[in-house]
Amino acid sequence: MNKLKVAVLISGRGSNMMALLEASRQPESSFEICLVIANRSDAGGLAAAQQAGIEADIIKFGDFETREAFEEALHDRIEHSDARLVCLAGFMWLLGDAFVQNWRDRLINIHPSLLPAFKGLNVQAQAVEMGVRFAGCTVHFVRHELDDGPIIVQAVVPVKPADDENILAARILEQEHIIYPQAVQWIGEGRIRVSGERVLIDNADIHNEAIISPFDTFD
Ligand code: GAR
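Here we summarise the structure given alongside this text.

Focus: the site of the ligand
Item 1. By nearness alone, every residue bordering the ligand is listed as Arg13, Gly14, Ser15, Asn16, Gly90, Met92, Ile110, His111, Pro112, Asp147, Leu173 and Glu176.
Item 2. A distance of 2.5 Å is found between an oxygen atom of the ligand and a side-chain nitrogen or oxygen belonging to Ser15.
Item 3. When the ligand sits alone it has 450 Å² of accessible area, and the protein chains cover 89% of it.
Item 4. Among the cavities detected, the one that contains the ligand is the largest pocket.

This is the structure we're talking about:
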């Protein structure tokens, strides 16, 4: 089987990137990571990717005159790698229209909230402050608006009275490491289709009871 080639963009420690990498190395995986790009030279995930034998590059905004030139360089590097899917994994940069349009329906993101609630930064702290009873994470296709786009899969976790943002973030992160590889696996298997603002998933097998997803099938 031809595996889906995936590029992963990171800015920090890269734990989601590593979860994707581990999943990609399972025998039944439908995808492989062909490239990791960090937009910061101090991104911890960079060394981890290199140690795992993955091609890993740094492309920094500071080395370019404009946002457009930076994103063009990102685009060219990814194209050159033959990746067919781009995964944002803690990539702290709001991608502009040209990039998003070029990669429409081939660009996905993970966000540590149950979208459309709590967009932006420090969302686990916001969830604790707001006193919500449930939080979670979302994998979605990327559109022009921040943390917006058709939802592929979500996982939910409880918010407990004694939680602070770090405790909650750790509980959510555990689920991120499950649903991100799951979403990419489905895409690699050709089970995902975008229909308007909804994502249809063909015959998804769910092993994790925390995952909430509307399983509309193709047929
Ligand atoms: C993750 O919690 C991810 O969901 C979040 O950044 C963290 C990156 O951790 N992304 C966003 O907030 C995007 N809006 P990681 O580098 O260990 O994967």
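Thoughts on the pairing of strand 4 (residues 85–88)
Item 1. Residue alternation in strand 4 divides its side chains into two sets, Leu85 and Cys87 and Val86 and Leu88, and both sets are buried.
Item 2. Pairing between strand 1 (residues 4–10) and strand 4: four bridges, direction parallel. Looking at the pairing, Val6 lines up with Leu85 of strand 4.
Item 3. With three bridges connecting them, strand 4 and strand 5 (residues 107–111) associate as parallel partners. Bridged to Val86 within strand 5 is Leu107.
Item 4. Regarding the hand of the β-α-β motif, the stretch spanning strand 4, helix 4 (residues 97–102) and strand 5 is right-handed.

Side note on the pattern of salt bridges
Item 1. Counted according to the given criterion, the structure contains seven salt bridges.
Item 2. Put simply, Asp57 and Arg77 hold a salt bridge, and the shortest N to O gap is 2.5 Å. Taken as a pair, Asp57 in strand 3 (residues 56–58) and Arg77 in helix 3 (residues 67–81) lie far apart in primary sequence, 20 residues in all.
Item 3. On the accessibility criterion, Arg77 (15% relative accessible area) is buried.
Item 4. Lys119 is the partner of Asp148 in a salt bridge, and the nearest nitrogen-oxygen pair spans 3.8 Å.

Notes on the pairing of strand 9 (residues 198–201)
Item 1. In this structure, strand 8 (residues 192–195) lies alongside strand 9, joined through four bridges in antiparallel fashion. Bridge pairing in strand 9 links Ser195 to Arg198.
Item 2. Counting the residues in the hairpin turn of strand 8 and strand 9 gives two residues, including Gly196, whose phi is positive at 60°.

Cut-off values and rules
- Residues numbered from 1 in each chain as written.
- Predicted model: local features only at pLDDT ≥ 70, side-chain atom pairs only at ≥ 80, totals over all residues.
- Heavy atoms only, no water.
- Near = heavy atom within 4 Å.
- Polar contact = N/O pair within 3.5 Å; in protein donor to acceptor, adjacent residues only side chain to side chain.
- Areas by Shrake-Rupley, 256 points an atom, 1.4 Å probe, with all protein chains shown as cover.
- 1 Å grid on protein atoms, 1.4 Å probe; cavity = no way out; pocket = protein on both sides within 12 Å on 5 of 7 lines; lining within 4 Å.
- Sits in = over half its atoms within 2 Å of the grid points.
- Buried < 20%, exposed > 50% of the residue type's maximum accessible area, 1.4 Å probe, protein only.
- Helix = DSSP H or I, 4+ residues; strand = E, 2+ residues; numbered from the N terminus.
- Pairing = 2+ DSSP bridges.
- Right-handed = clockwise from strand over helix to strand, strands pointing away.
- Salt bridge = Lys/Arg side-chain N within 4 Å of Asp/Glu carboxyl O.

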